[in-house]
Structure formats: structure tokens, C-alpha cells
Amino acid sequence: MSKEILKLSCRDLQAKIAKGEVKSGDAVSAVFGRIEKYDGQIGAFLSAFKQDALKRAEEIDEKIAKGQSVGALAGVPIAVKDNMCTTFGATSCASKILENFHSPYNATVIEKLLAADAVIIGKTNLDEFAMGSSTENSGLKKTVNPWDKDRVPGGSSGGSAAAVAAQMCFASLGSDTGGSIRQPASFCGVAGLKPTYGRVSRYGLVAYGSSLDQIGPLTKDTADCALLLNVIAGHDEKDSTSVDEKTAPLCDFLSGVGKEVKNLKIAVVPQLFDGADSEIVAGVKSAIEIYKKLGAEIVEIEMPHFEYAIAAYYLIATAEASSNLARYDGVHYGHRTKNAGDYIEVYAKSRAEVLGTEVKRRIMLGTYVLSSGYYDAYYLKALKVRNLIRSDFTAAFGKADCIMMPTSPTTAFKIGEKTADPLQMYLSDVYTIAVNLAGVPAISIPCGFDNKNLPIGLQIISPAFGEEKLLRIAGMFESQTDFHKKKPEL
Ligand code: GLN
């Protein structure tokens, strides 16, 4: 029974629960069976709420038994990255500075999941404050890739991706500042959507790079991404950067998935393929061939400023991070040193004692690029480059409906392989970072496996607020292939 349940998509599980054919309680028990058996090895969860989840499942099952109407995620077990505020459990951002922080409020996405009758089963591991590409920067725990336990799950939403791949939840939420949903989705062989900046409220998402951060789903397939987007998208008066629905009308993102996009034009950037491993290039090219067979036209384009994205990102993201992380001062939140003489020492020591190396590096870098004398040379220059990158995307979307490229230049790398060299780590986001600078949406879906049986991700990027078409385009590939159905043996 539980094996059969675990195979279901979110939408099939919801439908069966809503009809009373499957109990939410059984779905929750099934995922906790997996968590208890495997999470000791995988390390996807920082916290899990079995008793509360079972109780909530029971309430939802009762509602259904009474014939009351239920939400779009009724009874479906969902995990969330531990940088989204919840009134239950801690919200640690995988940082020792917030290890015991309990939020007095829920993030808007959490409220929306609950309003849709989802069952939130636990909070997943990440790189500390979402800074990283492998989840190795977590200050609290190690997470491994379910496809090969000597390898990283990607990051920073590594726990969220690993939890879906290992069937320890039916879907999860992650956050993506420079690739943190898409890259771990590609490393773990699941679907991951970064919505347009402003599509989903960031209220209650612990800020890293506020002009780049965006919450999105990690799921078994594209249609489930659409279902979750239906639930979490929309204007929120608590987030001034969330876009009003007149500017960006909402629609039923799910109903289009499965329908073809006629006269589809796909842009590819030939030079960008040079930077990826040959097996990745082969995987992505054969995916594009499938689209060609479906009638798509391929347009070769150039994106002359794409190569400057990493440099610009690490100036802008660190500048924003240095300001956002100033609040962790031993007074407002979290850890406070016991060894301070005066208040300056409280600030300095509280931070120095517990923040990780990468977080400190970024605070230093960000403070430097914002300092007078360097602001114009670095931060302002990076903003100008950001505009040029945006104009590359605008030009591309004048010629095609979407752009396709790899999600990552490699498949999942070995644990420890890149920790000694931050630049190598930063380069694992070469294909994803420009998308955040431009604010446009993108999805990663599995499009093959390398010779080590590690998943390869195809990244599809579309114009701002073009998620409906983006999801339809991704769905076309899944209708022709079954890469997304493969599961790792644990
Ligand atoms: N790997 C990138 C970074 O370390 C992106 C992280 C993210 O998207 N949160 O900044």
C-alpha cells in the first residue's frame, strides 16, 4: 500500500485523498516510513514533525469524510526549506546563529500551503543562509545525493531536492537566488521551478539577496510544479516587491500542462555549450532534438553579456547579504556571545563565534563593495552589467519563446571536491545565475543520465511572467520521455 502511495504525483494523491480512496494519514505514514529508514543516511531534514503531521492528516481525512470541500493540496505531505519562517519548529537557515530561533509568524507561502490543506512534514537542510551550491556550507548537517551517497545533492536547496528524490515527501519548497532550486533539482533528478521575481511572496523568507531571492517548488514532474505554483503565486501586500495581479495576471498553471505549444521557437546559445561536460552537452542536445521532432524551430542566438553574470552576481548578492545579515548581532536574534565586555564586542563576537566561513567571506566582500571609494567601481558597475544581461534576455525573447541550455556544467560532484576552492564552487552556477539577475522564470527538468547514472538537467528559461507557457514547454518533453520517472535505489 505505502509503496503504491509513494509513487503518486501530488495531483493524483490529492485527487485520491479528496475522493476518500487514500487516507492522508497513510500518505504521511508512508513518507515517515521512508524518513525513518533512509534519512539517517541522506540527511535531507533538519526537523520533522511526525505527530503534528499525523494529527493534521487526520483532521483533513475527517473533513473529507464529512463531505466538506478541501484545498488543492489536501492531505499531501510537503517539506519546506529551513529558511522559510514557520511558527512550528525552528527556522534555522542551517546556521548556528539561528539554531534556536522560533518565528512568531508564518511566511506567506506557508500560510498558502496550509490554506490549500497541505501537510507540512518537516524543514530541509540548506547551505547556511542559502549561500552555496552543494549544501556543504550547512552549519548543522551534511546532506548527500540519493543517487550516489559520496556526492553532493547540489545547493543551496539540497535538502529539499534530496527529500523529493528519495521519496521522503511528495514535493518541497526551495528558494533560488542564483540557482538554488534548479541546480539541486538537476543534481537529484527532479523538477525545480524558479518563478519570475515578484510572482511569489518573499514575506517570511529569510533574506539573502533580496533583489534576487525567489521561492519555488521542487517536485516529481512539471505538472506538480504547476500545481504548487497555483497555490503559492500571487500578490501579497506584506511584500512590496510582489507583483500585483493586474501587471501579472494569475491563471491556472496546471490546466495547460500536457497541451503543446504550437510554432514553438527555442533559442540556443552555441558558445554556452563550451563550458559544460560532454555528457551534459549530449544530454541537452538530444533533448532539443526531441523538441525538433515535435515541430519546434531552433534559433541560434548570442548572449554577449552572459559570461559576466557570475562576477556581477557575487558583487550584488554579497552587497545585499552584508546588509541583510547585519540583523544577526546577538541582540535582535539568535546566538549571543557569553564573552563580551561591551556592546561592540557583543556584535563582533556573537557573529564571529558561530557564522560559517562562507557567510563571513560574503559579509566581508559585500561590505567592501559597498564601501565609499569602491561602491562606484564594483557595486555600481555590477548593476550596469545586470542591465546589460537583462537586455540580452529581452533580445533573445524577441526571437524565441524560450531559451534552452544545461542547468549545470557538471552532474553531481563528490563531497569535498570543491570546498577548498570557492571560485570552483561559484562556477557551478554559470548557467543559472543570469536568470536571477534578469528576474525571469526558469525550470530544470531531468533530461538524461551520465555514465555514472547521475541525472542531467535541462534548463528552460522564459520571459517574465511567462510561467504558463514555460510549464507547457517543459511538459512537452516529459510527455515524450521517462527520465523524470526514474528513482534512485537507496
Ligand atoms: N550558489 C549560489 C550562491 O551561493 C546561489 C545560491 C542560491 O541560489 N541561494 O550564492
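Heads up: the structure comes first, above all this text.
Procedures and definitions
Residues numbered from 1 in each chain as written. Predicted model: local features only at pLDDT ≥ 70, side-chain atom pairs only at ≥ 80, totals over all residues. Heavy atoms only, no water. Helix = DSSP H or I, 4+ residues; strand = E, 2+ residues; numbered from the N terminus. Buried < 20%, exposed > 50% of the residue type's maximum accessible area, 1.4 Å probe, protein only. Near = heavy atom within 4 Å. Polar contact = N/O pair within 3.5 Å; in protein donor to acceptor, adjacent residues only side chain to side chain. Areas by Shrake-Rupley, 256 points an atom, 1.4 Å probe, with all protein chains shown as cover. Nonpolar A, V, L, I, M, F, W, Y, C, P; charged D, E, K, R; others polar. Salt bridge = Lys/Arg side-chain N within 4 Å of Asp/Glu carboxyl O.

Asker: So what exactly am I meant to see when it comes to the environment of leucine 212 here?
Answerer: In this fold, leucine 212 is placed in the loop between strand S5 (191-194) and strand S6 (215-219). The class for leucine 212 is buried, based on a relative accessible area of 1%. Separated by 35 residues in sequence, leucine 212 and threonine 177 have C-alpha atoms that sit 5.0 Å apart.

Asker: Explain the site of the ligand to me, please; I cannot follow it from the model alone.
Answerer: In the vicinity of the ligand there are 15 residues, among which Gly178, Ser180, Tyr208, Tyr313 and Asp429 approach most closely. Contact between the ligand and alanine 130: a nitrogen atom at 2.8 Å from a main-chain N or O atom of the residue. Within the side chain of serine 180, a nitrogen or oxygen atom sits 2.6 Å from an oxygen atom of the ligand. Burial of the ligand by the surrounding chains reaches 100%, relative to a free accessible area of 290 Å². Among the residues making up the shell around the ligand, the classes are represented as five nonpolar, seven polar and three charged.

Asker: So what exactly am I meant to see when it comes to the pattern of salt bridges here?
Answerer: Charged atoms that come close allow side chains of opposite charge to pair. What the rule picks out here adds up to 20 salt bridges. Among the salt bridges present, the one from arginine 151 reaches aspartate 148, with a minimum N-O distance of 2.9 Å. Relative accessible area serves as the criterion here: at 22%, aspartate 148 is assigned to the partly exposed category. Glutamate 468 is paired through a salt bridge with arginine 472; the nearest N and O atoms lie 3.2 Å apart. Pair noted here: glutamate 468 and arginine 472 are both in helix H17 (residues 467-480), with a separation of four residues, about one helical turn. Given the relative accessible area of 24%, glutamate 468 is considered partly exposed. Put simply, Arg11, Asp221 and Asp224 are held in one network by salt bridges that share partners.

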